[in-house]
Amino acid sequence: MIFGGRFADAAIGRKQLILLIALVAVGAGIAIGLSAQKAIWEGWVTDRLFQIKALMDNKEQAGPAPVVVVGLDQKALNSDRLAPIPRVLMTPVLAEAGQAMLNAGAVALGYDFVFAYSADGFVDPSTGEARLKGFDLAFQRFLYQNRGKVFIAHTEIGVPQRMFSAAAGEGGVRSVIVSTDSDGVVRRHEPHSPLTASPHLIDALLGIAGVELAETYIPVPSARLATSVPYLSLIDVLQLLESEEGRQELARFAEGRIVLFGGLLPYEDEHLFSDRFLPHLSEQLAETGPSGRPRVQPQTAGVFVLADFIGSPIAGRIVTEPPAGLVPAFAVIFAVVGALAGLSLPLVVLPVVAVGGVLCGLGVSLGSMELGMFPSPGVAPVAFVTATIIAAVGKVGILQRRQRSLVRLFGHYLAPDVIKLMASSEQLPALGGETRHVVVAFIDIVGFTKMSEKLADKDVVRVVNSCFDRIGQVITAHQGYIDKYIGDAIMAVWNAPNTVEHPEKSAVDAATEIINLLDRLREITGQPPLDLRIALNAGPVLVGDIGGEHRRSFTVMGTTVNTASRVESVAKDHKVRLAVSQSVAEKLPSSYPVAEIWKGQLRGLSSDITVYTLDLPEMYMEPEEKRTIARQEQDRSKLVTFPRS
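Basis of the calculations
Residues numbered from 1 in each chain as written. Predicted model: local features only at pLDDT ≥ 70, side-chain atom pairs only at ≥ 80, totals over all residues. Heavy atoms only, no water. Helix = DSSP H or I, 4+ residues; strand = E, 2+ residues; numbered from the N terminus. Buried < 20%, exposed > 50% of the residue type's maximum accessible area, 1.4 Å probe, protein only. Contact = heavy atoms within 4.5 Å. Areas by Shrake-Rupley, 256 points an atom, 1.4 Å probe, with all protein chains shown as cover. Salt bridge = Lys/Arg side-chain N within 4 Å of Asp/Glu carboxyl O. Phe/Tyr/Trp six-rings, centres within 6.5 Å; stacked < 30°, edge-to-face > 60°. Arc of directions from axis to C-beta. Axes fitted to C-alpha atoms, helices over the stretch in contact; angles between N-to-C directions. Left-handed = near helix turned anticlockwise from the far one by under 90°. Nonpolar A, V, L, I, M, F, W, Y, C, P; charged D, E, K, R; others polar. 1 Å grid on protein atoms, 1.4 Å probe; cavity = no way out; pocket = protein on both sides within 12 Å on 5 of 7 lines; lining within 4 Å. Points joined across faces, edges and corners; volume = space filled by probe spheres on them.

Draft legend 1. Molecular detail of the overall build of the protein chain. Scanning the protein chain for helices and strands turns up 23 helices and 18 strands. Sorting the 645 residues of the protein chain into buried and exposed places 50% on the buried side. Put simply, 75% of the contacts in the protein chain that link residues at least 6 apart link residues at least 24 apart. Accessible surface, the protein chain as shown: approximately 31400 Å² in total, 57% of it carbon and sulfur.

Written out as structure tokens, the structure is:
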């Protein structure tokens, strides 16, 4: 069938291709978007969103914090009271400070210290005498008397000495291990129910505070923990105990709160935490003891991390995983929108659209925090960008490539502009059209009938195709459009369906170049008698589709076309290769040597018309001598150069 192969492949299936590209883009967007969950870069985005939320909320401190940290910092170690005491022998001091905080109203204590050694086991190396026997008795008694309210720590590699574990009792030793995300940053905690029986110190203290929590949560800090968590140096606690006013200050810090004791020395037990990009809380608003706070380190002290994991659920500053199915739903929505954008929008605007899609996706995660949940911030943006890119690549690489192929293939039959319009709209133009001013040309092979009588059919086709190919190239080069082939003639149009600024000049220039091709055409075809005749006329025509719904043709119609075909008869009678009507001649530049060759009434027309040619030797079929004699016999007034302003 003539419409099989390349033609059918290029002309059909565009809607199916669009659907296929959209499905591939959406599927890839969903798959790649969901794979972004827990990606190493997603943690950085999460922390930046916390930073944005903190700046948007503009809240430096929202109510009293539920956890107080008492730190063994450098100021405490350098103080007169504690400087002589090795850190391993500070259990009596910690017992005294802990009891003071309980007496001041603390609801529970947690020690972020692993008491791995007891002074009772130390002996004098020279005598073997256990000189510190009973040194830790005060701390053991403190642990025993406050079972259920005081907890000590263990880690993966460190556990308390058995005497301390025994004094703390069952459940008195809890884990202070925190887990990190794939990027090494601590962000989330998974509680174990029931909290009071959990192996984690965080859960035990949350249970005492009356919190009920069973799902993994992420604290949402509003400032750097080292500047915002209520803080007392260990030496502050000991010194405040010495006066009634000081004890009242301790009560202000401790009453109704959980107190955590921990080390605040630089580079000891520090973690990357999700507060790393947050602003500092001003010194005026921070709850701080007389000795102030240690300098803020790049990483966050472990005791502050524990304090935030405990304090944020009590204060309601947490987000949890969204309900099952919500994140995939976001991936689907953003992938669909991205695919539509990639297919429908120009490539030049897609980078801006992609940025907008990423911001919208991040905005969804940011806004979800207000509802207490935090969908993975990478899913929606990645789904959108992936779908947009794949859809755009599909559009450029497949759809537009097929459209170009369609234009290239059917451009041999119809005007490329018409093909582009049909390819983009996927529908035929309406029957009828518009009225436009055009130049119509009829280009005829002279003597074709006699030539065809002497040649085989295949040679006739070869001669015609060779001529039409070279002539068609010239017409196209001069912005003309080949309307149809009529046997051995070509009908061409300028200024339809494309727009030509000076159609008359372009048509005459094309005709002149075609006539100058005669010697080359004779050589290519092997037909020395071969000649050409060209007629041009300008005027209004109806440009558009004619025919019916099942068969149609794009063409031009009107009196202008009929007149052009009649002008060709004048060219034949006067033996010229180019004949142009007055409507063409009067629009040519003054440098063109236009000469009148005939004036009268053409067959089928009601008014006179003047016909011209270019007064150049190549425009005449007869030799100069014969033309000179003919001119002497004719009315010389008809041979004057056409006057133009």
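From this point on, the discussion continues.
Draft legend 2. Representation of the pattern of salt bridges. Counted by the stated rule, this structure contains 26 salt bridges. Notably, a salt bridge pairs E268 with R87, separated by 3.1 Å at the nearest N-O pair. Linking E268 in the loop between strand 7 (258–263) and strand 8 (270–271) with R87 in the loop between helix 4 (74–78) and helix 5 (91–103), this pair joins segments that are 181 residues apart in sequence. Judged by relative accessible area, which is 33%, E268 ranks as partly exposed. Ionic pairing is found between R224 and D275, a salt bridge with its closest N-O pair at 3.2 Å. In this pair, R224 is assigned in the loop between strand 5 (217–219) and helix 9 (225–228) and D275 in the loop between strand 8 and strand 9 (300–301), connecting sequence segments 51 residues apart. Of the two residues, R224 and D275, neither departs from the other in class, the shared state being buried. A single salt-bridge network, built from bridges that share partners, covers D47, D181, D183, R187, R188, R276 and E321.

Draft legend 3. Quick look at the packing of aromatic side chains. Considering all chains together, one arrives at 15 aromatic pairs under this definition. When the centroid spacing of 5.8 Å and the interplanar angle of 40 degrees are considered together, the rings of F50 and F374 count as tilted. Of this pair, F50 sits in helix 3 (residues 40–57) while F374 sits in the loop between helix 14 (350–368) and helix 15 (379–410), and the two are 324 residues apart along the sequence. Here the aromatic cluster, defined as three or more aromatic residues joined through ring pairs, consists of Y111, F113, F115, F139, F142, F164 and F261.

Draft legend 4. Just helix 11 (residues 244–254), in detail. When helix 11 is considered as a whole, its buried residues turn out to be G246, L250, F253 and A254. Viewed end-on, helix 11 has its buried residues packed into an arc of 80 degrees, placing them on one side of the element. Pointing more than 90 degrees away from the buried face of helix 11 are the exposed residues E245 and Q248. Residues of helix 11 that are buried sit in contact with strand 1 (67–72), helix 5, strand 6 (231–233), helix 10 (234–240) and strand 7. Of the residues one or two after helix 11, G256 is the one with positive phi, at around 75 degrees.

Draft legend 5. Here's a closer look at the packing of helix 18 (residues 457–477) against helix 20 (residues 518–525). Closest axis-to-axis distance for the helix 18/helix 20 pair is 10 Å, and the angle between their directions is 150 degrees. Considering the relative orientation of helix 18 and helix 20, their crossing is right-handed. Contacts between helix 18 and helix 20 involve R462, V463, S466, C467 and R470 from the first element and L521, I524 and T525 from the second. Of the residues belonging to the contact of helix 18 with helix 20, the class tally is four nonpolar, two polar and two charged.

Draft legend 6. Looking closely at empty space enclosed by the protein. Following the criterion strictly, the structure yields one cavity of 30 Å³ or more and no others. Here the largest cavity is characterised by a volume of approximately 50 Å³. Surrounding the largest cavity, V327, F330, G361, V364, S365, P375, S376, V379 and A380 form its lining. Broken down by secondary-structure element, the contributors of at least two residues to the lining of the largest cavity are helix 13 (326–344), helix 14 and helix 15. Ranked by the residues each element gives to the lining of the largest cavity, the list is headed by helix 14, at three residues. For the lining of the largest cavity, the residue count by class is six nonpolar, three polar and no charged.

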